[in-house]
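Per-entry structural report
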Amino acid sequence: MTSIFLTFFLILIFSMLAGFLGSLTGLGGGTVLVPLLTLYLGIPIIYATGSSLISTIATSSGSASAYVKERITSVRIGISLEIATTAGSIVGSLTVAYIYSLHLEYVIYIVFGIVLLFSIYPTLSKMKGEFPPPKDPDWTTRVFRLYGEYFDPANNVMVKYWGVRWWLGLIVMFFAGFISGLLGIGSGALKVLGMDYAMNLPMKVTTTTSNFMIGVTAATGSGIYWALGYIQPFLAAPTAIGVLIGSLLGTRVLVRMKNRRIRAVFLIILGFLGIQMILRGLGVF
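Values in this document were obtained by computation on a predicted structure and should not be read as measured data. (Residues numbered from 1 in each chain as written. Predicted model: local features only at pLDDT ≥ 70, side-chain atom pairs only at ≥ 80, totals over all residues. Heavy atoms only, no water.)

Tracing the backbone through its elements, the reader meets Ser-93 in helix α4 (residues 75-101). Only 2.9 Å separates the side chain of Ser-93 from the backbone oxygen of Ser-89, close enough to count as a polar contact. (Helix = DSSP H or I, 4+ residues; strand = E, 2+ residues; numbered from the N terminus. Polar contact = N/O pair within 3.5 Å; in protein donor to acceptor, adjacent residues only side chain to side chain.)

Here is the structure:
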């Protein structure tokens, strides 16, 4: 009985940490939670990913509302890109069922790690500036109204922005949705890259809009995961509670941090967890 309570407590603590980091970087709690549960608590990845989807919904519910209230989230851009992420999530969830039926779990570890490491370079290339250099609006900027403004208390300025290349962001979002369904995460890493690198939006807009989007993406995949039996209530309950608490704490910190510091946190998390997941998949860790 004691071991059960201890396990429950550890899952709750890890989930709070995952929710805090996920909210702060726009990754979603699941991106950090799955490696923590599988690498350090020995929970099978098939159940960790299922619980991760539930926690991702909690992250989005907890942090997205706060970001919308702060007027940082671009709801218009988020909704316009959700078409692709939900479609990708359905394809990814069906793909993972086939992979697990063949007992190829190690593939999930390796893909997870590669996705995280692949996300580093585009973000690293933007570390030099606090805000992205402006690009000329294109036809998608006008048609989809990819513009907005928000107040940045860390720099004490009103930031005006506009997005470009909506079509490229849409392509990235489909793969983000696919990875979400495949790995049981909100796939905030790819969502952030899609808006930051492809659409040239400010980092705080990308992270907050990503938090807004990951809940819808995770909800799409979680229905399939539940039908397949990949969601266990004993894991889902503490992860949802912990991630929700952590994400609410993260929202209070984000608005006071500079964009370059957020990117630094983003890169460290991606690199550390990416390497560990690949080593686990190869049987080294």
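This part is about the UniProt feature "transmembrane region" (unreviewed entry) in the protein chain. On the UniProt side, "transmembrane region" (unreviewed entry) is annotated at positions that read residues 6-24, 36-57, 77-99, 106-124, 166-190, 211-228, 234-255 and 262-279 here. Taken end to end, residues 36-57 is 82% helix and 0% strand, and its first and last C-alpha atoms sit 18 Å apart. In residues 77-99, the share of helix is 100% and the share of strand is 0%. The end C-alpha atoms are 33 Å apart. (UniProt positions renumbered as here; feature names shortened; annotations may be inferred.)

In this section: the side chain of Thr-38. Here Thr-38 lies in helix α2 (residues 29-40). In this structure Thr-38 comes out as buried when scored by relative accessible area, which is 0%. A distance of 3.4 Å separates a polar side-chain atom of Thr-38 from the backbone oxygen of Pro-35. Non-local contacts of Thr-38, meaning those with residues more than four positions away in its chain, are made with Ile-43, Pro-44, Ile-45, Ala-48, Tyr-109, Met-277 and Arg-280. (Buried < 20%, exposed > 50% of the residue type's maximum accessible area, 1.4 Å probe, protein only. Contact = heavy atoms within 4.5 Å.)

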